[in-house]
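An overview of the molecular structure
Given next are the chains, with one letter for each unit.
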Amino acid sequence: MTIRLAVLYGGQSGEHEVSRRSAESILAHLDRDRYQVTEVLIDRAGGWHVDGRPTPLPAALRVLRAQDVVFPALHGPYGEDGTVSSLLEWLGVRYVGNGVFASAAGMDKGVTKRLLAAEGLRVSPGVTLRPGEALSPDDERRLELPVFVKPARAGSSLGVVRVDDWAGVPAALEQARQVDPKVLVEQGARGREIDVAVLQHPDGRVQAGPPLEIRVTGTGFFDYDAKYDGGAIFQIPAPLDAATTEVLQDRAIRAFRALDCRGLLRVDFFLPTEGSPEPIVNEVNTFPGFTAASQFPQIWQQAGIGFAALIDILISGALADEDRGHHSGLPRQARAVDLV
């Protein structure tokens, strides 16, 4: 039986173009004999397009509601932050990926750190600053330079600034707040950058893939340009001993559980080169980049799961999840108002 599948992408965040690239790769690898595919694009201005045609919002929502499953290939705010998960729950349609709570918690770096620390996972010291707040002298004494100033709710390293002198913090805060008024100032972690991908199979089994090590060319860090302009080298599997690999995979699955994730997660670590060997969780990504060159698909390719098979696993998992798109327990028609 053909599965009615909508790929939802674009959005109004700063990661609009990244979302389009992810969707392009997903669409290119879908088995068109297995899936009846509808493309749903949200443009930068918030307009909706179905299969390339501008479509009024109520009609676009009816299209989504008519699907067997939706694949939301959205990154950043107004998508990956739980807003679209909430919309799809309201429509009563099954969807790939994380639910409302995991998406919202995973998008906010300060909230993520608190939840993971409560789970006993190691995170870097930091402070969350809301609009109008500045770093206090006590904060400066507690943190060690360098620090990274990050928008709390953004991805792809947008607006992230490395600061090597406290005098540079105000300018860094101003730059980060152009992306998000809520900002995280985090002590820089010294160590190797390691990513671990987590995948939930349709039978509920949760698997962590082989660790990936990121090496950035030059003296920079893994910022937006390094991610998307070829300034980074990925080594999979990372050259690690078996015990360290096992620890990283265990911590990644613990993060998946702590955030109540479903389907997938990428956990980004720093592996200290001195001091305590316990990995430091840097960030999580509840819908990581999904181009063929992105870390998440590359990790699973190395593990023997090709791009097309990876997509099939995620879609099958969404279809097998009885709670997905039916979280409230009410019939679909009782929860979604008439779409006129």
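Residues numbered from 1 in each chain as written. Predicted model: local features only at pLDDT ≥ 70, side-chain atom pairs only at ≥ 80, totals over all residues. Heavy atoms only, no water.

1. As for the packing of helix α4 (residues 100–107) against helix α5 (residues 109–118)
Axis separation between α4 and α5 bottoms out at 5 Å; the angle between their running directions is 105°. Relative to α5, α4 is oriented roughly perpendicular. Across the interface between the two elements, F101, A105, G106 and M107 of α4 pack against K109, V111, T112 and L115 of α5. Looking at the contact of α4 with α5 residue by residue, the class counts come to five nonpolar, two polar and one charged. (Axes fitted to C-alpha atoms, helices over the stretch in contact; angles between N-to-C directions. Helix = DSSP H or I, 4+ residues; strand = E, 2+ residues; numbered from the N terminus. Parallel < 35°, antiparallel > 145°, perpendicular 65-115°, else oblique. Contact = heavy atoms within 4.5 Å. Nonpolar A, V, L, I, M, F, W, Y, C, P; charged D, E, K, R; others polar.)

2. Re helix α9 (residues 242–258)
Over its 17 residues, α9 extends 24 Å from the first C-alpha to the last, a length consistent with the 24 Å expected when each residue adds 1.5 Å. T244, T245, L248, R251, A252, A255 and F256 are the residues of α9 that are buried. Each buried residue of α9 lies within a common arc of 145° when the element is viewed along its axis, so the set occupies one face. Exposed residues pointing more than 90 degrees away from the buried face of α9 are listed as A242, A243, E246 and R257. Packing partners of the buried residues in α9 comprise α5, β12 (191–200), β13 (206–208) and β16 (264–272). Taking the backbone nitrogen of A243 as reference, a side-chain oxygen 3.1 Å away marks D241 as the first, capping residue of α9. Two residues or fewer past α9, D260 is found with a positive phi of approximately 60°. (Expected span 1.5 Å × (residues − 1). Buried < 20%, exposed > 50% of the residue type's maximum accessible area, 1.4 Å probe, protein only. Arc of directions from axis to C-beta. Polar contact = N/O pair within 3.5 Å; in protein donor to acceptor, adjacent residues only side chain to side chain.)

3. Focus: the confidence of the model for the chain
Interpretation of the predicted coordinates at a detailed level should be avoided for regions scoring low in pLDDT. Of all residues in the chain, 90% have pLDDT values of 70 or greater, and the mean over the chain is 91. Within the model, the stretch residues 326–337 combines pLDDT values under 50 with 21 contacts to residues more than four positions away or in other chains. (pLDDT = per-residue confidence, 0-100.)

4. Description of the nonpolar core
Nonpolar side chains tend to gather and get buried jointly when the protein is soluble and globular. Membership of the largest hydrophobic core comes to 35 residues, with the highest contact counts inside it found for V7, I26, L30, F71, F290 and I315. If you tally residues by element for this core, the top one is helix α11 (residues 307–320), at seven residues. Setting aside its immediate chain neighbours within four residues, L30 contacts L5, V7, Y35, V37, I311 and I315. Core analysis: the next-biggest nonpolar cluster, separate from the first, contains 22 residues, L121, I194, F256 and L265 among them. (Core = buried A, V, L, I, M, F, W, Y, C linked by side-chain atoms within 4.5 Å.)

5. Remarks on the sheet that holds strand β2 (residues 35–42)
Taken in spatial order, the six strands line up as β4-β3-β2-β1-β5-β6 in an open sheet, and their pairing is mixed. The open sheet has two edge strands, β4 (53–55) and β6 (94–95), and neither has a second partner. As paired elements, strand β1 (residues 3–10) and strand β5 (residues 69–73) share five bridges and run parallel to each other. Looking at the pairing, L8 lines up with P72 of β5. Set on the sheet, α11 makes contact with β1, β2, β5 and β6; between it and β5 the angle comes to about 130°. (Pairing = 2+ DSSP bridges.)

6. Comments concerning the sheet that holds strand β9 (residues 147–151)
Here four strands make up an open sheet; going across it, the order is β8-β11-β9-β10 and the pairing antiparallel. The sheet terminates laterally at β8 (126–129) and β10 (161–163), the two strands that pair on one side only. Taking the axes of each pair of neighbouring strands and ignoring which way they run, one obtains an average angle of 20° across the sheet. Of the strand pairs in this sheet, β8 and strand β11 (residues 183–187) are connected by four bridges, and their pairing is antiparallel. The residue bridging V127 from the neighbouring strand is V185, located in β11. Across the sheet, α5 touches β8, β9 and β11, and the angle it forms with β11 is around 50°. Against the sheet, helix α7 (residues 169–177) contacts β8, β9, β10 and β11, and its axis sits at roughly 25° relative to β9.

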